[in-house]
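Single-letter residue listing:
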Amino acid sequence: MEVCDELRSFEATGVYRLNGTCTSAGATYLDPVRLLNASYQRFRIVPSAYYSRSFGPQHQEGEPEIERPEKRRKRKRNQKPKPRELNPMERIAEARHQEAKPLLLNAHESLVKAKHLLEYISKTIKGNEHTLDAGSGSENNFVELGTSWRAPFYEITICFRNPHVLGNEEGFFHAQKTSFPLFNSLISVEGTDEAEGEFRNRRYILPRGSCFLMADFKRVRDLIPCSPNQGYNLIVVDPPWENGCVRQKEVYPTLPNKNFLYLPVQQLAHPTGALLVLWITNREKLRAFVEKKLLPSWGVEDSTVFYWLKVKPDGSLIGDLDLFHHRPYECLLLGYINVNANAKKGSNFKLLERSQVIMSVPGAHSRKPPLEKLLSEYIPGPKPSRCIELFARELFPRWTSWGNEPLHFQDTMYFSEK
Ligand code: SAM
């Protein structure tokens, strides 16, 4: 493919496949804003709202923290810190890192070599500076509101737009407003156009064909479909793992690992099979729990690891690759549920075989890039695939999003009208 064709295709899809020199890894650059914008007809995501950390003064996750002068002075007096010996768990983590490093370096090198892509990325991100319009009042804190005694009484009013069926007037829409209990009820956005929700003086953009359940973990079984044929072919899980960084920043509440054993992943999977994607942190204790207990208890087989390598708009890594507690990458484990040997043989989908590296400029803290387009060829079952995200903070067309704040990134402050 010519350079221009590649860029044109990237502009249309938000996915750029890079050809590394190492044959064991695929490397892909993703543009989350472009991918998300494909979900909307009347709105678009504001790049500076998505890439808020690339515009703001705060340091990026994974970047070494800038040392304060008092700390530096104290350090001088006490001379160099002695390198601490790694404990057995840390040694395993370090060995995993060393194993992943050639794949990561190779993927990054192929990005650095794609000069035309880098120029394009930095132009589209940096050229789109825009002051966020936070609207009137502060954002709704759904996590707090959902635990208040008032939660059962809160309603969201949704304005659905559908093309007018009477007459031939093109572009004429019929709007209909309906109110729904906001918490603990499954809400579907039917129709051909995105809908707008209103709740406590804030507006939310709801993609067509999306569905959400804003509820606590205790109500997660409400997601189990009444008929197995309404199960899901792609299940993405991004748990609120207990983690010092989240606790320190108080970004969202976390849950103990044992709780995730109770997620009804098997009952959510479609009988023709599901691809499961689980985001994990780099802590070895967690990795061991996931591989030895969690994935087997969910019935996940043939797992493969992918890496999400975080880069700045100029293509450089957001931090030193070897920094032990602040790796500039996160891992996602992928595997299959209900896909037996026969199904694999005659499958209408590609089987995951090897590790891959996904690169993108990160958005807000813990916000993950959208994966459906990248993974579509690996999803089993009928098409279009039915997809679900557990612990979601945003909505997508044809997806069900569950968590205690799935409308978080749907606030109009993240959008502008097309
Ligand atoms: N995937 C999301 C994204 O890309 O923006 C990030 C998910 S974040 C890692 C975990 C989410 O789980 C947070 O929104 C958090 O509020 C939510 N959560 C924490 N405790 C929960 C609970 N008890 N029930 C439901 N959701 C919970």
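That block above? That's the structure.
This write-up is about the structure you can find in this document. Quantities reported herein were computed from a predicted structural model and do not represent experimental measurements. Residue numbers here run from 1 along each chain, matching the order of that chain's written sequence. Reporting in this predicted model follows two pLDDT cut-offs: at least 70 for local features of residues, and 80 or more for side-chain atom pairs to be given and counted; totals over whole chains, interfaces and linings ignore these cut-offs and use all residues. Excluding hydrogens and water, the side-chain figures rest on all heavy atoms present in the structure.

1. Looking at the site of the ligand
Rules: We call a residue near a molecule or strand when any one of its heavy atoms sits within 4 Å of it. In the analysis that follows, any N or O atom pair within 3.5 Å is treated as a polar contact, provided that within protein one partner can donate a hydrogen and the other can accept it, and provided that, for residues neighboring in sequence, both atoms belong to side chains. Residue exposure ignores everything except the shown protein chains as possible cover, and the areas themselves are Shrake-Rupley values with a 1.4 Å probe. Under the grouping applied here, Gly and all other residues not named as nonpolar or charged are polar, the nonpolar ones being Ala, Val, Leu, Ile, Met, Phe, Trp, Tyr, Cys and Pro and the charged ones Asp, Glu, Lys and Arg.
The environment of the ligand is made up of 21 residues, and the closest members are Asp216, Asp238, Arg393, Asn404 and Glu405. Contact distances for the ligand include 2.7 Å between an oxygen atom and a side-chain N or O atom of Asn404. Protein chains bury 97% of the 610 Å² of accessible surface belonging to the ligand in isolation. Residues that form the shell around the ligand fall into these classes: 11 nonpolar, 3 polar and 7 charged.

2. A closer look at the packing of aromatic side chains
Test applied: When two rings of Phe, Tyr or Trp (its six-membered ring) have centres within 6.5 Å they constitute a pair, described as stacked for plane angles under 30 degrees, edge-to-face for angles over 60, and tilted for the intermediate range. In this text, helices come from DSSP runs of H or I with a minimum length of four residues, and strands from runs of E with a minimum of two, each type numbered from the N-terminal end. Summary of the burial criterion: residues with accessible area below 20% of their type's maximum are buried, those above 50% are exposed, and those between are partly exposed, where the area comes from a 1.4 Å probe applied to protein chains only.
Under the defined criterion, the tally for this structure stands at 19 aromatic pairs. With a centroid separation of 5.9 Å and an interplanar angle of 80°, the aromatic rings of Phe10 and Tyr16 are classed as edge-to-face. Taking the centre distance of 5.9 Å and the plane angle of 70° together, the rings of Phe10 and Tyr120 count as edge-to-face. Of the two residues, Phe10 is situated in helix α1 (residues 3-13) and Tyr120 in helix α7 (residues 115-126); the sequence distance between them amounts to 110 residues. When its relative accessible area of 13% is taken as the criterion, Tyr120 is described as buried. Members of the aromatic cluster, connected to one another through ring pairs, are Phe142, Tyr154, Phe183, Phe199 and Tyr204.

3. Remarks on the pairing of strand β15 (residues 387-390)
Our working rule: Strands are treated as partners if at least two bridges between them are detected by DSSP.
Covered by surrounding structure in β15 are Cys387 and Glu389 together with Ile388 and Leu390, the residues of both alternating faces. In terms of strand pairing, strand β10 (residues 234-237) meets β15 through 4 bridges, oriented parallel. Bridge pairing in β15 places Leu234 opposite Cys387. Sheet topology note: the β15/strand β16 (residues 399-403) ladder contains 4 bridges and is parallel. Counted as the bridge partner of Leu390 is Trp402 from β16.

4. Section: α7
In plain terms, the rule: One fewer than the residue count of a helix, multiplied by 1.5 Å, yields its expected span. In this context, the arc is that of the directions from the helix axis out to the C-beta atoms.
With 12 residues, α7 ought to run about 16 Å at 1.5 Å a step, and its terminal C-alpha atoms sit 16 Å apart, in line with that. Every buried residue of α7 is accounted for by Leu117, Leu118, Tyr120, Ile121 and Ile125. The buried side chains of α7 occupy one side of the element, clustering within an arc of 165° when seen end-on. Relative to its buried face, α7 has exposed residues pointing more than 90 degrees away, namely Lys115, Glu119 and Lys123.

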